[in-house]
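Spelled out, the chains give:
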Amino acid sequence: MMKKIVLILAVALLSSSTVIAQSLEINWMTFEEALAAQKKKPKKIMMDVYTNWCGPCKMLDKNTFRNKDVVEYINKNYYAVKFNGEGNSEVSYKGKNYTNPNYKEELKNRRNGAHELTRVLGIRAYPTIVYFDEKGEKIQPISGYMKPRQIELYLKLFHTDDYKDITTQEQFNAYYKAFKPEFQE
C-alpha cells in the first residue's frame, strides 16, 4: 500500500513539474501566424529579432524570456514572434514578400546578409524587439538586451497604449521615472 502511495505521489510530482516547465515558455509563432491570429482575436505582437551569432540575443532567451513574470505577461497580452534577422525565411507582410537574397547557408551561424524585413522594420542592431499594434502596424523597435524589469516597462507601455500619450523625450523620462516594476529578476 505504501509503495502505491509513493508511486502515485512521484507520478503527480513529475506531471506537475512538466506542466510548470511548459508554462515557463513563451508561445512563439511565426510573423504570419501572429498576423493571422490577430484577425481572429486582436492582440499586439512582440517580435524578437535575433541572429544565431548574437551573444546578447542568447542572454535574452536564457535570462529574460524564461522569467516567469515575463513569460506570463507576454503569453497573456501579446502574440510572440521569433524572427531571425539574418535568416532565409520568406515573410509576407502588408501584401509584399520579403526574403534574404544575400543569405549564405555556409554562414548560417555567423554574420550573414540582413533579411529584407529587418530593413523595412528599421532594425540596426540585435537583439531588437519590435512591437506591433492589433492591426499589425509597427509601433516601435527597441534595441538591446533587457533584463525582466527593463523589458517590463516596454511590454506594459505598449500593451496599455500609454505610448500614445508620449510625444517627447521629457514625457518618456517622466513615464520611466514614475514606472514601478513588478516583475521579479
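Presented here is an overview of the structure given in this document. Owing to the predicted nature of the structure, the values given are computational and were not obtained by experimental measurement.

So, how was this worked out
- Sequence order as written defines residue numbering, which begins from 1 separately in each chain.
- Only residues with pLDDT of at least 70 get local features here, since the model is predicted, and only at 80 or more are side-chain atom pairs given and counted; chain-wide, interface and lining totals rely on the full set of residues.
- The basis for the side-chain values is all heavy atoms of the structure; hydrogens and waters are excluded.
- By the criteria applied, helices consist of DSSP H or I runs no shorter than four residues and strands consist of E runs no shorter than two, each listed in order from the N terminus.
- Residue contacts are defined here by distance: any two heavy atoms, one from each residue, within 4.5 Å place the two residues in contact.
- Note on areas: Shrake-Rupley, 1.4 Å probe, and residue coverage restricted to the protein chains presented here.
- The pairing criterion is simple: DSSP has to find at least two bridges between the two strands.
- The convention used is that axes are lines fitted to C-alpha atoms, helices contributing only their stretch in contact, and that angles between N-to-C directions extend from 0 to 180 degrees.
- Note on aromatic pairs: the rings of Phe, Tyr and Trp (six-membered ring only in Trp) are paired at centre separations within 6.5 Å, and the planes decide the class, stacked below 30 degrees, edge-to-face beyond 60, tilted for the rest.
- Burial classification: accessible surface area is computed with a 1.4 Å probe over protein chains only, and a residue below 20% of its type maximum counts as buried, one above 50% as exposed, and the rest as partly exposed.
- Should the NZ of a Lys or the CZ of an Arg lie within 6 Å of a ring centre and within 35 degrees of the ring normal, that charge is described as sitting over the ring.
- Note that a disulfide, as used here, is simply two cysteine sulfur atoms within 2.5 Å.
- Note on convention: the crossing is left-handed when the near helix lies turned anticlockwise from the far helix by less than a right angle, right-handed when the turn is clockwise.
- Ten residues, namely Ala, Val, Leu, Ile, Met, Phe, Trp, Tyr, Cys and Pro, are considered nonpolar, four, namely Asp, Glu, Lys and Arg, are considered charged, and the remaining ones, Gly among them, are considered polar.
- Any carboxyl oxygen of Asp or Glu that lies within 4 Å of a side-chain nitrogen of Lys or Arg is treated as forming a salt bridge with it.
- Residues grouped as a nonpolar core are buried Ala, Val, Leu, Ile, Met, Phe, Trp, Tyr and Cys residues, joined through side-chain atoms within 4.5 Å.
- The directions considered for the arc run from the helix axis to the C-beta atoms.

## Let's talk about the overall build of the protein
When helices and strands are counted, the protein shows 7 helices and 7 strands. Beginning at the N terminus, the succession of helices and strands in the protein can be written as α-β-α-β-α-α-β-β-β-α-β-β-α-α. Long-range contacts, defined as pairs at least 24 residues apart, comprise 66% of the intrachain contacts of the protein with a sequence gap of at least 6. With the model as given, the accessible surface of the protein reaches about 11,300 Å², and the carbon-plus-sulfur share is 55%.

## Focus: the sheet that holds strand 2 (residues 44–50)
With respect to topology, 5 strands assemble into an open sheet ordered 1-3-2-6-7, the strand pairing being mixed. Two strands bound the open sheet, and with one partner strand each, they are strand 1 (28–29) and strand 7 (138–143). Relative to strand 6 (residues 128–132), strand 2 is paired through 5 bridges, and the arrangement is antiparallel. Residue pairing in the sheet places valine 49 in a bridge with threonine 128 of strand 6. Taken strand by strand, helix 4 (residues 68–77) contacts strand 2 and strand 3 (78–84), and its axis lies near 105° from that of strand 3.

## Here's the deal with the packing of aromatic side chains
Scanning the model with the defined rule gives 13 aromatic pairs in all. Where tyrosine 154 meets phenylalanine 172, the ring centres are 6.3 Å apart and the plane angle is 15°; that geometry is what we call stacked. Taken as a pair, tyrosine 154 in helix 6 (residues 148–159) and phenylalanine 172 in helix 7 (residues 169–178) lie far apart in primary sequence, 18 residues in all. For phenylalanine 172, a relative accessible area of 19% translates into the label buried. Linked through ring pairs, Tyr78, Tyr131, Tyr154, Phe158, Tyr163, Phe172 and Tyr176 together constitute an aromatic cluster. The residue whose ring lies beneath lysine 43 is tyrosine 79, and the NZ or CZ to ring-centre distance is 4.9 Å.

## So, the state of the cysteines
Under the definition given, this model contains 1 disulfide. In this model cysteine 54 forms its disulfide with cysteine 57; the gap between the sulfur atoms is 2.3 Å. Handedness here is read from the sign of the S-S torsion; for cysteine 54 and cysteine 57, about 85°, the answer is right-handed. Judged by relative accessible area, cysteine 57 falls into the buried class, the value being 3%.

## Topic: the packing of helix 6 against helix 7
Relative to each other, helix 6 and helix 7 sit at 115°, their axes nearing to 11 Å. For the crossing formed where helix 6 meets helix 7, the hand is right-handed. From helix 6, Leu153, Tyr154, Lys156 and Leu157 reach across to helix 7, where they touch Phe172, Tyr175 and Tyr176. Along the lines of polarity and charge, the residues of the contact of helix 6 with helix 7 split into 6 nonpolar, no polar and 1 charged.

## Some points on the pattern of salt bridges
Taken as a whole and assessed by the stated rule, the structure comprises 10 salt bridges. For aspartate 161, the salt bridge identified is with lysine 164, shortest N-O distance 3.9 Å. One salt-bridge network, held together by shared partners, links Lys44, Glu134, Asp161 and Lys164.

## Digging into the nonpolar core
What tends to happen in soluble globular proteins is that the nonpolar side chains get buried as a cluster. Among the nonpolar cores identified, the biggest contains 26 residues, and Met46, Phe65, Ile74, Tyr131, Tyr154, Leu155 and Phe158 are the most heavily contacted of them. Broken down by secondary-structure element, the contributors of at least two residues to this core are helix 4, strand 3, strand 6, strand 7, helix 6 and helix 7. The element contributing the most residues to this core is helix 6, with 6 residues. Residues within four places of isoleucine 74 in sequence aside, it is in contact with Ile26, Met46, Phe65, Ala80 and Leu155. Within the second largest apolar cluster, 22 residues are counted, among which are Ala37, Tyr93, Leu121 and Tyr126.

## Focus: helix 3 (residues 55–64)
Residues three or four positions apart in an α-helix share a direction because the helix packs 3.6 residues into each turn. Buried within helix 3 are the following residues: Cys57, Leu60 and Thr64. Each buried residue of helix 3 sits inside an arc of 80° when the element is viewed along its axis, so together they form one side. For helix 3, the secondary structure elements touched by its buried residues are strand 2, helix 4, strand 6 and helix 6.

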